[in-house]
Amino acid sequence: MSDDPRPDLPIDPTDLAHTPAPETEIAAPATSARLVAEASGTFLLVFGGIGAALFAANNGLAANGFPVGIGYVGVALAFGLTVVAGAYAWGPISGGHFNPAITLGLAAAGRFPWRDTLGYIVAQVVGGAVATSVIVLIGLFAPDGWLAKAQDGGFASNGYGAHSPGGFGLGAAITIEVVLTAIFVLVILGVTHITRGTPALAGLAIGLTLTLIHLVSIPIDNTSVNPARSLATAIYGGTDALAQLWVFLAFPIVGGLIAGFAHRALFERTAL
């Protein structure tokens, strides 16, 4: 019995035309959309980073007086910025790997299905190759000798020994690629964790990490940590770049797999 001497009569709810429908499960992107997203993100990464290295990294003045010379710091930032942009643009569709070493590292950590790795890797390789092909197309309309000079210089390919910017040998290239790729994958696994991560800032953290990686390793081997990037430049970098390509295909993948398995063993344990 209510204490109110004048209780209100119950009111039945009224259905309105604009009442929101019950929430429905959002469908996952189609496989084709995910592969296009991976190709697009890898294209952006390679075109932005390698384009900066080839078009804008040199010091001094161009023949027409236009000042250039962002240096290797600028190139490092270019790689990081492209990852930030790609992560926010296409990450919600495909996860934003843009790198075979990351795809395999995530699979090793249990975050990505092994059955989908091949499709992602093919899409990444295609995206990177299209990016360097567009750079070559631009180079065809560059000042006389620009394209030949870029290709004679290795087309920003990775290298060791005589092809290392700082003269570092094979052992240095192998070590830096394994270590930095492992660090990169561990950071990605940390910032994208479903409960511990911070989704809104994940893309920024990943991009800044890639910038740091380039700041460390451009002088050593021109920085790979991404087999798709290395293949994309080597196909236009000449026989020497192709001869050394195996290092930059194999060892970033080794680093990614080490990081994936290590993260799963060390950081995915739960309290008993």
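Look above for the structure.
Residues numbered from 1 in each chain as written. Predicted model: local features only at pLDDT ≥ 70, side-chain atom pairs only at ≥ 80, totals over all residues. Heavy atoms only, no water.

Colleague: Tell me about the overall build of the chain, residues and numbers included.
Modeller: Helix and strand counts for the chain come out as nine helices and zero strands. In sequence order, the secondary structure elements of the chain are arranged as α-α-α-α-α-α-α-α-α. Expressed as a percentage of its 272 residues, the buried residues of the chain come to 42%. Considering only contacts in the chain between residues 6 or more positions apart, those separated by 24 or more positions represent 76%. Roughly 14700 Å² of accessible area belongs to the chain as shown, and the carbon and sulfur atoms make up 67% of that amount. (Helix = DSSP H or I, 4+ residues; strand = E, 2+ residues; numbered from the N terminus. Buried < 20%, exposed > 50% of the residue type's maximum accessible area, 1.4 Å probe, protein only. Contact = heavy atoms within 4.5 Å. Areas by Shrake-Rupley, 256 points an atom, 1.4 Å probe, with all protein chains shown as cover.)

Colleague: Describe the pattern of salt bridges, naming the residues involved and giving the relevant values.
Modeller: Counted according to the given criterion, the structure contains three salt bridges. The partner of R34 in a salt bridge is D116, and the shortest N-O contact between them spans 3.6 Å. One end of the pair, R34, is in helix 1 (residues 31–56); the other, D116, is in the loop between helix 3 (100–108) and helix 4 (117–139), with 82 residues separating them in the sequence. Taking the shortest distance from any N to any O, the salt bridge between R111 and E268 comes out at 3.8 Å. (Salt bridge = Lys/Arg side-chain N within 4 Å of Asp/Glu carboxyl O.)

Colleague: Report on a nonpolar patch on the surface, specifying residues and quantitative values.
Modeller: Among the surface-exposed residues, Y72, V73, L77, L81, L212, L215 and V216 lie close enough to one another that they form a single nonpolar patch of about 610 Å² accessible area. Elements represented by at least two residues in the nonpolar patch include exactly helix 2 (71–94) and helix 7 (199–221). Top element by residues in the nonpolar patch is helix 2. It accounts for four residues. Among the secondary structure elements, L77 is positioned in helix 2. (Patch = residues over 30% accessible without salt bridge, like charges linked within 9 Å, V, L, I, M, F, W, Y side chains within 5 Å.)

Colleague: Describe in detail the packing of aromatic side chains, supporting the description with residues and values.
Modeller: Under the definition given, this model contains five aromatic pairs. Aromatic pair F55 and W146: ring centres 5.2 Å apart, planes at 20°, arrangement stacked. In this pair, F55 sits in helix 1 while W146 sits in helix 5 (residues 146–152), placing the two residues 91 residues apart along the sequence. Given a relative accessible area of 36%, F55 falls into the partly exposed group. An angle of 55° between the planes, with centres 4.7 Å apart, marks the rings of F112 and Y120 as tilted. Here Y120 falls in the buried class, since its relative accessible area comes to 2%. (Phe/Tyr/Trp six-rings, centres within 6.5 Å; stacked < 30°, edge-to-face > 60°.)

Colleague: Describe the nonpolar core, naming the residues involved and giving the relevant values.
Modeller: Core analysis: the biggest nonpolar cluster contains 36 residues, and I50, L54, F155, F184 and L210 have the highest contact counts within it. Counting only elements with at least two residues in this core, the list comes to helix 1, helix 2, helix 3, helix 4, helix 5, helix 6 (170–191) and helix 7. For this core, the element with the highest residue contribution is helix 6, accounting for seven residues. What F184 contacts, discounting residues up to four positions off in sequence, is N99, I102, I206, T209, L210 and I213. In this structure, Y160, V247, F248 and F251 belong to the second largest nonpolar core, which totals six residues. (Core = buried A, V, L, I, M, F, W, Y, C linked by side-chain atoms within 4.5 Å.)

Colleague: Before we move on, could you go through the packing of helix 3 against helix 9 (residues 239–267) and cite the residues and values that matter?
Modeller: Two elements in contact, helix 3 and helix 9, have axes separated by 7 Å at closest approach and are oriented at 25°. On the basis of the axis angle, helix 3 is roughly parallel to helix 9. Like other packed secondary-structure pairs, helix 3 and helix 9 cross with a definite hand, here right-handed. Residues A101, L104, G105 and A108 of helix 3 lie in contact with helix 9, whose contacting residues are P252, I253, G256, L257, G260, F261 and R264. (Axes fitted to C-alpha atoms, helices over the stretch in contact; angles between N-to-C directions. Parallel < 35°, antiparallel > 145°, perpendicular 65-115°, else oblique. Left-handed = near helix turned anticlockwise from the far one by under 90°.)

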